[in-house]
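Next come the chains, spelled out residue by residue.
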Amino acid sequence: EAGARGYFARLLVQVTMPHSKQVGSYFERRNGSLVLSMMAPPEIGLPYGTYPRLLMAWLTTEAVRTKSRELELGDSLSYFMRRLDLDVTGGKKGTVTVLRRQMYRLFSSTVAWDYQSKKGFRLGGMRPVEQAQLWWDPKSPDQTNLWKSSITLNESFFREVVDRPIPVNMAALKALARERSPMALDIYSWLTYRMSYLRKDQLIPWELLQLQFGGDYKRTRKFKEKFLERLKLVKQVYKDVKVSLDPEGLVLSPSP
């Protein structure tokens, strides 16, 4: 009722997008038997950081709310940014420029997945955004335009997020985004997802967590330090989550 309930794409909760700028136009991350890869045109580059995660949450939430593949972004860039609780700042490194760049990268990217087991395999791939029209002028973020800025989702992606979305607290996502920690956003969304079906304690080894959340870290010890720092942030907004540390990994206990 307060508008705090949002949704996230299940696939991008199970396996996450890049945290930092990548060299090249191909990215891969693994969660057990599931491998996610992202590809982008070389001249555009891959999306990374907190903004693509906020954008993906917004896209999914709007698709679930409207039950439509056609999503309108609003009359102006500043209006859309306020919906994401982002400050509107100009300049080369300002939020307006960075958000617009990350939108272009995200909407240009293709996502593919590969799941293998002893019984068989499942492959798939798509460009989540089929078509995007953004008529905003970054130099005049408050200016309205004659043409509406809109996004058309891929039919397969639309069906996936509408039929099987992951509920999240948008207020929590926005609070974590202000910390500028994409890993914290990933941990929060993942814990929310896992707790939705967890019925008994489960140990997740550090090595598996590193593959899922921190493929950029070469040493597990360094990844563990960063993960625990971000987990503290998550527990500030997800106060009911029950997790504990084990020398071998992270123990998840059933939580709301």
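Use the structure listed above.
Source: prediction; values computed, not measured.

Description of the overall build of the protein chain
On a plain count of helices and strands, the protein chain comes out with nine helices and twelve strands. Its C-alpha atoms give the protein chain principal-axis dimensions of roughly 60 × 40 × 35 Å. For the protein chain, the residues scored as buried account for 49% of the 256 residues in total. Considering only residue pairs separated by 6 or more positions, the protein chain has 64% of its internal contacts joining residues 24 or more positions apart.

Quick notes on the sheet that holds strand E12 (residues 249-253)
Across the sheet, three strands lie side by side as E10-E12-E11; this open sheet has antiparallel pairing. Both outer strands of the open sheet, strand E10 (202-205) and strand E11 (242-246), are each paired with one neighbouring strand and no more. Here the strands of the sheet are splayed against their neighbours by 25 degrees on average, with no regard to which way each runs. Of the strands in this sheet, E10, E11 and E12 touch helix H8 (residues 206-213), which is tilted by about 65 degrees from E10.

Quick word on helix H5 (residues 155-163)
The set of residues buried in H5 consists of Phe157, Phe158, Val161 and Val162. Looking down the long axis of H5, one finds its buried residues gathered within 120 degrees of arc, a one-sided arrangement. Contacts made by the buried residues of H5 are with helix H2 (50-66), strand E6 (120-126) and strand E8 (149-153). The N-cap residue of H5 is asparagine 154: its side-chain oxygen and the backbone nitrogen of serine 156 are 2.7 Å apart.

Thoughts on a positive patch on the surface
Among the surface-exposed residues, Lys21, Lys92, Lys93 and Arg101 lie close enough to one another that they form a single positively charged patch. The residue arginine 101 is located in helix H4 (residues 95-108) in this model. For arginine 101, a relative accessible area of 36% gives the class partly exposed.

Basis of the calculations
- Residues numbered from 1 in each chain as written.
- Predicted model: local features only at pLDDT ≥ 70, side-chain atom pairs only at ≥ 80, totals over all residues.
- Heavy atoms only, no water.
- Helix = DSSP H or I, 4+ residues; strand = E, 2+ residues; numbered from the N terminus.
- Buried < 20%, exposed > 50% of the residue type's maximum accessible area, 1.4 Å probe, protein only.
- Contact = heavy atoms within 4.5 Å.
- Pairing = 2+ DSSP bridges.
- Axes fitted to C-alpha atoms, helices over the stretch in contact; angles between N-to-C directions.
- Arc of directions from axis to C-beta.
- Polar contact = N/O pair within 3.5 Å; in protein donor to acceptor, adjacent residues only side chain to side chain.
- Patch = residues over 30% accessible without salt bridge, like charges linked within 9 Å, V, L, I, M, F, W, Y side chains within 5 Å.
- Areas by Shrake-Rupley, 256 points an atom, 1.4 Å probe, with all protein chains shown as cover.
- Salt bridge = Lys/Arg side-chain N within 4 Å of Asp/Glu carboxyl O.
- Lys, Arg positive; Asp, Glu negative; His and termini not counted.
- Charge placed at Lys NZ, Arg CZ, Asp CG, Glu CD.

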